[in-house]
Amino acid sequence: MYFKYLRYLAFALGGLCTVVAAGALFLYATFDGARLAAELSHFAKQRHQRSLRLEGPLELSMFPRLTLHVPRGSLSGRAGEGEFLGFERASLGVRLMPLLTHRVVVDRVELDGLRMALRRDRDGRHNAADLLAPPAADNGKGAEPLAFESASLAVRNGALTWNDEAAGRALALSELELSTGRLAPQAEAYAELSGRLTQASPGVDARFKLEASYRLGAEGRPVQFDGLRAELRGSLAGQADAELGFSIPRLGLTPEGARADSAEAIFKLAGQQLRSRLAGLAEGDEGWTVERLSTELDWKTALGRLTGSLTGGARWGGDGRVLELSGQGGELALAPEAASPLRKIAVRGDGRIDFTRGSGAGKIELTHELGHLQGSWSLPRLAPLALGFDGDVESFDLDRQLAGGKPQKNRKGEPAAADDAALPVDLSGLRGLDIDAVLRFGSLKAGGLRFEKLRLPVAVHEGRLVSTGQTATLYGGAFEGSLSLAADGNKLAWRAYLQNADAAALSRDLAGKAPFGGTANVFVDLTSAGATRGQLRSGMAGLARVRLRSGTLQGFDLLAALKEWRPALQARQAAGRRPKGGETSALGELTAGFTIERGVARTTDLKAQGGPLAIAGAGSVDLAGQRLDLLSRVSLQVLPAGPEVAALAGLRGLAVPVRVHGPFGQPEWRLEPGAQLAASAPPARQVVPAQRRPAPKPVAKPSAKPAPRPAASPEPAEASE
């Protein structure tokens, strides 16, 4: 009996297969591709007011599956405006049974050479909004002409452009390769997208890849992504060989918004990286919020390598276009290339970044054992990135900071002057930076000098750091300066003017000793280039001028030296004398101008007058080797009071040649009879070749006699200098 039922079932299945096969053959025999193409064009025109053009009829193949082949075609924008979508070839796997009821149900889609142009106008309207809108009621005329349910979707060599007129941005995706699994209600599958992203502003030219597992809801819309990963490699915002990655373990899509327990983003560039971890990522009515944002930094700057981490909250508002950072805090450490790592710096701050306007601003506070900074930051431009900063620092010891937080001392407990000529100087970190900042220091120690009330503007653009308009109080004097650093050629330029400074305190902090006392005016204009500190010193060139009022020479008594050298002067013999710590010499007003070349400063106009001695000298100061060689004519003008008058009376008005030679710290003073000063070269006059005057044009004679001109008034005489 069971066999009878099986036999009936076999007959039924056989009959059904026969009917289906007959229907398929009938469909194939009666298929009209030209008519179907016309119906599809009519449907696009009636439903969406768009023009669908197909360059030929549709073709139907039966093997290996029922497939509808679509020739090259294009779909216009709404009301026939431009091309919205185009393709070179399309293949659609079609289900047989719906075709028997005059319905087209797509099962598999393959597109070659797909191109799509998406646009959002200034009013925020999208040119694909009508295609994404739910279909209107069909007034009971029957089923929809096209139902979409695909087992897979494949796109090869595609291209997509996006033009956002509201935000003023445009980008292009090319070489697109897309593959998906099943696209149907309640489907679960895997999708992968790759291609090339290009953008003019900010400049982007990179390869990208996006992959994830997905689950669709009852209406065929995504409800969850698992293992979402995105990767972008290439030129990003003008930075070549950059890498940007993003990953979300699970992203849920609900009517209330998107939710993710965690996410991670990482940016890498030339061995540097910036990693951000987000916890509690959620989308609400006010935008995206993040319970906890952790940022890890490992970045090379012009001052050294910056490492550390920051933690705080974040919120994306304004349709994901505004990022607000709140309560950001953590620790950073800056490690110079040629010094010990710096101690950690506590950081606190907040801010707001508007991606629509491409700008941002906020506040920041840095706390360190050697200083405290509080100020504001700004991002005038996000692409390419530009940074603005305005901050106040109570006090800071840069010299101690560069020494690893501990002042260097020798065996005697005095500051040690280490030989740092071989230490490298690398300004390549200035490349790629776009910074405008103003720093105000209550007190700053740098290069051994102590600046008070220092205002330091800084601008870094195109690999150059320029700081002009520097002002400060330096040892009771007024300081004005400017500094320029260039990564191209590792160049340096410095110009400074100091008025009415305490010369003793200045020279003591600068050189470790106080060779001079009085009130100093100093002008310096220097340029140099080199890969090390020694090369920078040996390559210095420029000008310098010094004026010392009420000056005194510390450590040497010229009057005592003249008294001791009297026998040697009479015998015209050389003699020397050792400096003594407690001695001084009154100089009056001392002036000198220096020409600096290859690290050596030379002068021919060293003068001192107004004191008991008149000095005229010339010589050189080796700034790189820290040695000096000066020869001067010392004349006694005023005899000192006391028992030494008789011993010095015979030397009054006599020019005594004295040479100072040796290292900065311990020079040797010698009497050198017959030594001649170097003559100062007269300034060269620039000869300008005479320009030929053009021949005068002929002037027509006036018909009437012109009125006599008034007598010319005599020119005023030139004022003598």
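Further up the page is the structure itself.
Criteria and thresholds
- Residues numbered from 1 in each chain as written.
- Predicted model: local features only at pLDDT ≥ 70, side-chain atom pairs only at ≥ 80, totals over all residues.
- Heavy atoms only, no water.
- Helix = DSSP H or I, 4+ residues; strand = E, 2+ residues; numbered from the N terminus.
- Buried < 20%, exposed > 50% of the residue type's maximum accessible area, 1.4 Å probe, protein only.
- Contact = heavy atoms within 4.5 Å.
- Areas by Shrake-Rupley, 256 points an atom, 1.4 Å probe, with all protein chains shown as cover.
- Polar contact = N/O pair within 3.5 Å; in protein donor to acceptor, adjacent residues only side chain to side chain.
- Salt bridge = Lys/Arg side-chain N within 4 Å of Asp/Glu carboxyl O.
- Core = buried A, V, L, I, M, F, W, Y, C linked by side-chain atoms within 4.5 Å.
- Pairing = 2+ DSSP bridges.
- Phe/Tyr/Trp six-rings, centres within 6.5 Å; stacked < 30°, edge-to-face > 60°.
- Lys NZ or Arg CZ within 6 Å of the ring centre and 35° of its normal.

### Thoughts on the overall build of the chain
The secondary structure content of the chain amounts to 10 helices and 37 strands. Split into buried and exposed, the 721 residues of the chain put 36% on the buried side. In the chain, 48% of the contacts between residues at least 6 apart in sequence involve partners at least 24 apart. Of the roughly 43,400 Å² of accessible surface on the chain, 56% is carried by carbon and sulfur atoms.

### Quick look at the side chain of Arg50
Relative to the helices and strands, Arg50 is located in the loop between α2 (33–48) and β1 (52–54). Among the polar contacts listed, one links the side chain of Arg50 to the side chain of Asp130, at a separation of 2.7 Å. With residues near it in sequence (within four places) discarded, Arg50 still touches Ala44, Lys45, Leu75, Ser76, Gly77, Arg78, Phe84, Asn127, Ala128, Asp130 and Leu131.

### Quick look at the environment of Leu449
With respect to the helices, strands and loops of the structure, Leu449 is situated in strand β25 (residues 449–461). Spatially, the C-alpha atoms of Leu449 and Ala505 are 9.3 Å apart, while their sequence positions differ by 56 residues. What Leu449 contacts, discounting residues up to four positions off in sequence, is Leu444, Leu474, Tyr475, Leu506 and Leu510.

### Points about the pattern of salt bridges
On inspection of all chains with the given rule, the structure shows 35 salt bridges. When the shortest N-O distance is used, the salt bridge between Glu672 and Arg659 registers 2.8 Å. Taken as a pair, Glu672 in the segment after β37 (668–671) and Arg659 in strand β36 (residues 655–663) lie far apart in primary sequence, 13 residues in all. When its relative accessible area of 21% is taken as the criterion, Glu672 is described as partly exposed. Residue Arg659 is classed as partly exposed on the basis of its relative accessible area, which comes to 21%. Salt bridges here are not isolated pairs; linked through shared partners, they connect Arg72, Glu83, Glu88 and Arg115.

### Some remarks on the nonpolar core
The biggest cluster of nonpolar side chains holds 47 residues, and the ones touching the most others in it are Leu430, Phe441, Phe451, Leu454, Leu474, Tyr475 and Phe479. Once residues within four sequence positions are removed from consideration, Phe451 is found in contact with Gly442, Ser443, Leu444, Ala446, Ala472, Thr473, Leu474 and Phe479. With 38 residues, the next largest nonpolar core counts Leu553, Ala592, Leu628 and Leu651 among its residues.

### Notes on the side chain of Ser74
Tracing the sequence through the fold places Ser74 in strand β4 (residues 73–76). Residue class for Ser74 comes out buried when judged on its relative accessible area of 18%. Ignoring any residue separated from it by four or fewer positions in sequence, one finds Ser74 in contact with Ser51, Leu52, Arg53, Glu83, Leu85 and Gly86.

### Considerations on the pairing of strand β27 (residues 477–486)
For a regular strand, the rule is simple: side chains alternate between the two faces of the sheet. With seven of 10 residues buried, β27 lies mostly within the body of the structure. In this structure, strand β26 (residues 464–474) lies alongside β27, joined through nine bridges in antiparallel fashion. In the strand pairing of β27, Thr471 is matched with Glu480. In this structure, the hairpin formed by β26 and β27 is closed by a connection of two residues, where Tyr475 is found at a positive phi of approximately 55 degrees. Two strands pair when backbone bridges link them, and β27 and strand β28 (residues 491–502) are joined in this way by nine bridges, in the antiparallel orientation.

### Focus on the packing of aromatic side chains
Ring pairs (aromatic) are described by centroid distance and by the angle formed between their planes. Summed over the entire model, instances satisfying the criterion amount to four aromatic pairs. Plain terms: the ring middles of Tyr497 and Phe523 are 6.4 Å apart, the flat faces sit at 65 degrees to each other, and that makes the pair edge-to-face. Taken together, the residues Tyr497 in strand β28 and Phe523 in strand β29 (residues 516–529) connect sequence positions 26 residues apart. Here Tyr497 falls in the partly exposed class, since its relative accessible area comes to 34%. Take Phe523: its relative accessible area is 13%, and that puts it in the buried class. Considering the side-chain rings of Phe556 and Trp669, the 4.0 Å spacing of their centres and the 10 degrees angle between planes classify their relative orientation as stacked. Here Trp669 lies in strand β37 and Phe556 lies in the loop between β30 (541–554) and α8 (558–564), a separation of 113 residues in the sequence. Accessibility assignment for this pair places Phe556 and Trp669 in one class, buried. Its guanidinium or amino end placed over the ring of Phe84, Arg50 lies 4.8 Å from that ring's centre, counting from NZ or CZ.

### As for the environment of Leu526
By the secondary structure assignment, Leu526 is in strand β29. Since its relative accessible area comes to 9%, Leu526 is described here as buried. Sequence separation of Leu526 and Ala541 is 15 residues, and the distance between their C-alpha atoms is 5.6 Å. Residues in contact with Leu526, not counting those within four places in the same chain, are Leu492, Ala493, Trp494, Met540, Ala541 and Ile596.

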